[in-house]
Amino acid sequence: MNTYQKSCLCVDADLGFCYTLSTKLMSDTNAPVEKVAGPVQDLKDMNVLVSLCKQRGFVFPSSEVYGGINACWDYGPLGIELKRNIKELWWRSMTDREDVEGIDAAILMHPRVWEASGHVAGFSDPMVDCKNCKARFRADKMDADKLAANECPSCGKKGTLTEPRQFNLMFKTHMGPVEDTANVVYLRPETAQGIYVNFLNVQQSARQKIPFGIAQIGKAFRNEITPGNFIFRTREFEQMEMQYFVKPGSDMEWFEKWKAERIQWHLDNGIRKEKLRFHQHGDGELAHYAKAAFDIEYEFPFGWQELEGIHNRSDFDLGRHQEFSGKNLQYFDEAAKEKYIPYIVETSAGCDRTLLVALADAYRFDGDRTWMQFHPNLSPYKAAIFPLMKKPELTEYSDRVLADLKKTLRVTSDEAGSIGKRYRRQDEIGTPFGVTIDYDTITNHTVTLRHRDTMAQERVPAEKLGEILREKIAHWKV
Ligand code: GAP
């Protein structure tokens, strides 16, 4: 038996399939050598995802050793890689354009900002409490019949619900050592306002002409009444927002362009088309600032829900900041020799929600194997290197391959356990390629390249591995 056959045996022993078949197929390029168990299933139960995320290091409950804190989550080693990939893809898609500039504004802003924006007066949800079981609900999201009948959806008792009362979602704190009303500041509930108040600073310093946009990624805070569904609705989250300033009259044209751009971005990230749709806001749904609004929705296991909002905010925001600050925020169009308050088309995506979509959409289970079918651009690692056995001649070769790949790709190595177990571990974290270094590698300098989604294997020259991986990632079919 040569060493190549030995490697096949090792895989066989772990996965429990036929030795001769696998040996034959191992030498047959692109042939599947692992067992396909059954029909592929999607994610149906969020608890499965929550536990995979904890076990593999994507997302942990915040302050877990103290019993956790409601609706707060921490990103683990893989979660932060996934999040950084999402942010980087979004940032590049925005700021690689000549007409979009970036910014990073402070979280704490002058309190008048939030008066001008309408958040102090109107950023509230109607809250209802059950006096019996102490459960709390958003009246606008409750079953209308139960609300009308004053029946608690949680304990089922009648006549125990309070009247709906408006609850402002902004977190308040105090600036400086004295906690009085004069020192109240807010944790920003959206990143957008930091862009609006910097509109002229950016336009003038970057010498931009309208139409142009300003992009920002940053934390936002909302004291949500009913957070939940894992990282879907939390009280601390990140937004990726872009505000595009246009001449009044051209706003609906830009609104349509940005709608198309934004859904395409999600599709380019590998999110399945049939799981995405637009939802148009009707008159009753429109936010106080919006002239028109569409949500991009995703079909989660708990139903169709908003992933991102695209809003035509008219001249509301700059008009209000001009009024409240007393500063002239008009744009001067030199060519046309006219002054005006620009209209704003906003694209506003939750970073954590985009990450939840990436996780939920990638999840696959065939009755035996679980794998995360991320687009490689999203995958925390692009490839994992496996020395077949912990023998110096294999691990040294593997270390050299790893160091070389690390120059251009985010890759990892795994030496612990059987090769089959290592494949499974990487499948579960969505690593698209596995590279096995075996005894043949030492003699003929080829490695086995395993594909996560099909489990197909091919033999490729070790020296061309980086080039091959980069090529496959660049031409990935979604
Ligand atoms: N500047 C406009 C704005 O903030 P929004 O629809 O309130 O609009 C935009 O929020 C996006 O921010 C949402 O589509 C969602 O992805 C994300 N988001 C909002 N509230 C969130 C929360 N409590 N937890 C997680 N993400 C949230």
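None of the values given here were measured: they were computed from a predicted structure.

*Asks:* Run through the pattern of salt bridges, naming residues and quoting values.
*Replies:* Summed over the entire model, instances satisfying the criterion amount to 37 salt bridges. A salt bridge links Arg 233 to Glu 224; its shortest N-O distance comes to 3.9 Å. Glu 224 matches Arg 233 in its accessibility class, with the two residues each being buried. Of the charged contacts in the structure, one is a salt bridge between Arg 313 and Asp 317, with a shortest N-O distance of 2.8 Å. For Asp 317, a relative accessible area of 1% puts it in the buried group.

*Asks:* Any chance you could break down the pairing of strand β20 (residues 383-387) for me, citing the residues and the numbers?
*Replies:* Summarising burial for β20: 5 of the 5 residues are buried, a large majority. When β20 meets strand β21 (residues 411-413), the two strands line up parallel, connected through 3 bridges. Following the sheet pairing, Ile 385 is matched in β21 by Ser 413. Regarding topology, helix α13 (residues 392-406) serves as the crossover connection from β20 to the parallel β21, and that connection is right-handed. Sheet analysis places β20 next to strand β22 (residues 433-437), joined by 5 bridges and oriented parallel. Directly across from Phe 386, in β22, lies its bridge partner Thr 436.

*Asks:* Go over the sheet that holds strand β7 (residues 165-168) with me, naming the residues and quoting the values.
*Replies:* If you walk across this open sheet you meet the 3 strands as β6-β5-β7, and the pairing is antiparallel. Of all the strands in the sheet, just β6 (136-138) and β7 have a single pairing partner and so form its edges. Ignoring strand direction, the axes of neighbouring strands in this sheet form an average angle of 45 degrees. In this sheet, β6 lies alongside strand β5 (residues 124-129) in antiparallel orientation, the contact comprising 3 bridges. Paired with Met 127 across the two strands is Arg 138, which belongs to β6.

*Asks:* How would you sum up the domain arrangement of the protein? Please name residues and give values.
*Replies:* Accessible area lost upon the coming together of the parts serves often as the stated size of an interface. The domains assigned to the protein are domain 1 (1-112 + 176-368), domain 2 (124-168) and domain 3 (383-474). Computed from C-alpha atoms alone, the centre-to-centre distance between domain 1 and domain 3 is 31 Å.

*Asks:* Tell me what's going on with the environment of Gly 159, and back it up with residues and numbers.
*Replies:* Summarising the element assignment, Gly 159 is placed in the loop between α7 (144-148) and β7. A C-alpha to C-alpha distance of 9.4 Å links Gly 159 and Asn 132, two positions 27 residues apart in sequence.

*Asks:* Any details on the sheet that holds strand β13 (residues 292-300)? Residues and values, ideally.
*Replies:* Ordered in space as β4-β10-β11-β17-β14-β13-β12, the 7 strands form an open sheet in which the pairing is mixed. Either end of the sheet is taken by a strand with one partner, and the two such strands are β4 (100-102) and β12 (276-280). With direction set aside, neighbouring strand axes in the sheet form an average angle of 25 degrees. Where β12 and β13 come together, 5 bridges link them in antiparallel fashion. Considered in β13, the bridge of Phe 278 is made with Ile 296. Across the sheet, helix α10 (residues 251-268) touches β11 (236-246), β12, β13, β14 (303-312) and β17 (343-350), and the angle it forms with β14 is around 140 degrees.

Calculation criteria
- Residues numbered from 1 in each chain as written.
- Predicted model: local features only at pLDDT ≥ 70, side-chain atom pairs only at ≥ 80, totals over all residues.
- Heavy atoms only, no water.
- Salt bridge = Lys/Arg side-chain N within 4 Å of Asp/Glu carboxyl O.
- Buried < 20%, exposed > 50% of the residue type's maximum accessible area, 1.4 Å probe, protein only.
- Helix = DSSP H or I, 4+ residues; strand = E, 2+ residues; numbered from the N terminus.
- Pairing = 2+ DSSP bridges.
- Right-handed = clockwise from strand over helix to strand, strands pointing away.
- Axes fitted to C-alpha atoms, helices over the stretch in contact; angles between N-to-C directions.
- Domains from an automatic or database assignment.
- Contact = heavy atoms within 4.5 Å.

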